[in-house]
2 protein chains.
Amino acid sequence: MLDQTIKVELSTTKKQKPNADQLQFGKIFTDHMFIMDYTEGKGWHDPRIVPYQPITLDPSSVVFHYGQTVFEGLKAYVTKEGKVQLFRPEKNMERLNQSNDRMVIPKIDEQFALKALKQLVSIDKDWIPTAEGTSLYIRPFIIATQPFLGVAPSSQYKFMIIMSPVGAYYKEGLNPVKILVENEYVRTVKGGTGTAKTGGNYAASLKAQEISSQKGYSQVLWLDGIEHKYVEEVGSMNIFFKIDGKVVTPELSGSILPGITRDSIIQLLKYWNIPVEERKISIEEIYEAYDKGLLEEAFGTGTAAVISPVGELLWKDRKIVLNNGETGPLSKKLYDTLTGIQYGTVEDPFGWIVTVE
Amino acid sequence: MLDQTIKVELSTTKKQKPNADQLQFGKIFTDHMFIMDYTEGKGWHDPRIVPYQPITLDPSSVVFHYGQTVFEGLKAYVTKEGKVQLFRPEKNMERLNQSNDRMVIPKIDEQFALKALKQLVSIDKDWIPTAEGTSLYIRPFIIATQPFLGVAPSSQYKFMIIMSPVGAYYKEGLNPVKILVENEYVRTVKGGTGTAKTGGNYAASLKAQEISSQKGYSQVLWLDGIEHKYVEEVGSMNIFFKIDGKVVTPELSGSILPGITRDSIIQLLKYWNIPVEERKISIEEIYEAYDKGLLEEAFGTGTAAVISPVGELLWKDRKIVLNNGETGPLSKKLYDTLTGIQYGTVEDPFGWIVTVE
Ligand SMILES: Cc1ncc(COP(=O)(O)O)c(C=O)c1O
Ligand SMILES: Cc1ncc(COP(=O)(O)O)c(C=O)c1O
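These numbers come from a predicted model, not from an experiment.

**Observations regarding the pattern of salt bridges**
What the rule picks out here adds up to 30 salt bridges over all chains. As a salt-bridge pair, Asp101(A) and Lys207(B) come within 3.3 Å of each other at their nearest N and O atoms. In this pair, Asp101(A) is assigned in helix α2 (residues 89-102) and Lys207(B) in helix α4 (residues 199-214), connecting two distinct chains. Residue Asp101(A) is classed as partly exposed on the basis of its relative accessible area of 37%. The residue Lys332(B) makes a salt bridge to Asp336(B) at a minimum N-O spacing of 2.8 Å.

**Some details on the domain arrangement of chain A**
All names here are of chain A. Here chain A is partitioned into domain 1 (7-166) and domain 2 (177-341). The distance between the C-alpha centroids of domain 1 and domain 2 comes to 28 Å. Of the roughly 1,500 Å² buried between domain 1 and domain 2, counting both surfaces, carbon and sulfur atoms make up 57%. When the buried surface of domain 1 facing domain 2 is broken down by residue, Phe71, Arg95 and Arg102 rank first, second and third, together holding 37% of it. With its nearest N and O atoms 2.8 Å apart, the salt bridge here joins Asp263 to Arg88. Across the contact surface, domain 1 and domain 2 share 11 residue pairs in polar contact (both at pLDDT 80 or more). Residue assignment for the side of domain 1 that touches domain 2 shows that the elements contributing at least two residues are β5 (69-71), β6 (74-78), β7 (84-87) and α2. With 5 residues, the top contributor of residues to the side of domain 1 that touches domain 2 is α2.

**Concerning the nonpolar core**
Core analysis: the biggest nonpolar cluster contains 118 residues, and Phe34(A), Phe64(A), Phe34(B) and Phe64(B) have the highest contact counts within it. Those residues in contact with Phe64(A) that lie beyond four places of it in its chain are Leu57(A), Asp58(A), Pro59(A), Ile55(B), Leu57(B), Val63(B), Phe64(B), Thr69(B), Phe141(B) and Ile143(B).

**Quick word on the side chain of Thr337(B)**
All names here are of chain B. Considering the arrangement of structural elements, one finds Thr337 in helix α7 (residues 329-342). A residue is classified by how much of its surface remains accessible, and Thr337, at 15% relative accessible area, is buried. In contact with Thr337, not counting residues within four places along its chain, are Leu268, Trp272 and Val346.

**Observations regarding the side chain of Lys207(B)**
You can call Lys207(B) buried: its relative accessible area is 11%. For Lys207(B), the residues in contact, after removing those within four places along its chain, are Asp101(A), Arg102(A), Val104(A) and Tyr185(B).

Basis of the calculations
Residues numbered from 1 in each chain as written. Chains lettered and ligands numbered in written order. Predicted model: local features only at pLDDT ≥ 70, side-chain atom pairs only at ≥ 80, totals over all residues. Heavy atoms only, no water. Salt bridge = Lys/Arg side-chain N within 4 Å of Asp/Glu carboxyl O. Helix = DSSP H or I, 4+ residues; strand = E, 2+ residues; numbered from the N terminus. Buried < 20%, exposed > 50% of the residue type's maximum accessible area, 1.4 Å probe, protein only. Domains from an automatic or database assignment. Buried area = accessible area lost by both parts, 1.4 Å probe. Polar contact = N/O pair within 3.5 Å; in protein donor to acceptor, adjacent residues only side chain to side chain. Core = buried A, V, L, I, M, F, W, Y, C linked by side-chain atoms within 4.5 Å. Contact = heavy atoms within 4.5 Å.

Here it is in structure tokens:
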């Protein structure tokens, strides 16, 4: 597949690009998109870059009924010198295939998909905003398109990549968030689909998210679905705690998403010789550490925010304020380093950056 | 909403109807479909019956990424006298709204939706096959259509009803199925979305289903996601066991779908004075009952098959054959009675039948 050429149909009219202050996550899309089709027996075929446009599907398509779908999320950054950079994009393609495996969707050729992604970014590179902290969000996804109401893996799919220019996540420096520890609703459980990036996990989270925002909390911290005891992850972020000088994060136990930011942070911490542990962490342990004055910092990690410091936690009726509701020094240092690597202002000792020609 | 008229645009060309022996579940659709749109602030609007046709959506539509979708399934039957009958359709609309609540989708007006459904069935009534055991499968569903990549409830939706003529589930009498008791994968867990009819639950089931069919089993019996101990339900059916003269079925504990066939069977059994219990049932209890010679019958229940007798169970490496792999007398009696009511050959003492004019 790797040698296949991607047919390109350029858009004859160009959409107007938004001003830097009009950028909203995931609402405006670039001039082009990538599509390729899968048909049983034929495999993935007809890779093409075409003008961004609606897609037409039969109302009986599997995706509308049985949620057979996976997705990824990554960003393209432009450096001061005008170079276009991606951050560990091969990891996204690898994870997409892991999600495919869980959701019984045919694997893609990861290298080919990365080639297509780069070509698309290159064609729409004028869409990458240049103001500080802005970037181009890239959304590869696969949907099941067979027109058939049986509960069975689809025999047809579409793999698509769409892109949206996004503003700076933090307008005035890192902004700690208030997080509610969810005790009733569950996102997923071991043996379920939590390790995959698939629609149903996010649909399942909407109800708890709605209740928490009514209470004034911006995110939900999920506990394990079995005992409601161990910390799992936040909305669309993994979670880290700094306790008594050591950094801890939940292990990849089979129900949380293996975040690429999470992995990068673990590598960075090790590189800095800061002790870091991946293990089970009960919510009780966090509260005990707080009571003993040992809970120094907590932060979420993910592609969108990179680092999201936690300013407050509410578990049942116990509210705790972390680090006076301010961003801790480790959160700040991790944020500066990771974004520095992404925007090319900090050296990349790990070979994480992939340049787009 | 109830008084709103439904705009009708009839199809100018009629598709050819399949022969009775060509009927395949969910592959061929009738000439028309129902659509209505939801927009935040405006509510559900523009209800219309139009020729069956593809729908066009932005690739960033919420349903493609975050699986915010719900559905229902019911059937229309034609009696020997040519009357068109529905079976407890108000229950499907009620359950659709329960699913909506869990998935943070705006409620529909149940009576209006039922009116729309009846009008659609009436327009396409020539599509209801008349051969024994055949029917018209009706699929109401809602998809989230806002073009926005944020993980949040969509501000736009489409409610649609499509219909497919389906063949007899059993060509030559009730046919017992072989079922694998799933020990590793989980469909959903308490606090999750198991009580809702939403895409993600079905997507989550595909992997286990694939493995079980490779082993020669046609369905998976799910155990609870917490202890892998209690029986929950089968693929798209609830499950009943007859043990020592008593009928037992898992209680609605917050992780299984409240089946309408399940409810009807419980009512029928009570009407017949056959003892029936809704409670926790461990898979061990089933195997112990078998060892003592007390496991008389087991059967799945759902709209598609009505009753699906279980001929064999495999749990870990223990295979048990029930009732010599044959259909038991209670399964048969329930099947005959329920289908009799549905096709109008048996009296309906419960007021379950709704006639379409
Ligand atoms: C559920 C969930 N957890 C964690 C993450 C963080 O993953 P990554 O660091 O790869 O963006 C995401 C976001 O993509 C997510 O959706
Ligand atoms: C998961 C699941 N359980 C049970 C059922 C049976 O429900 P009903 O009897 O309402 O068809 C279905 C089918 O609709 C289902 O999808």
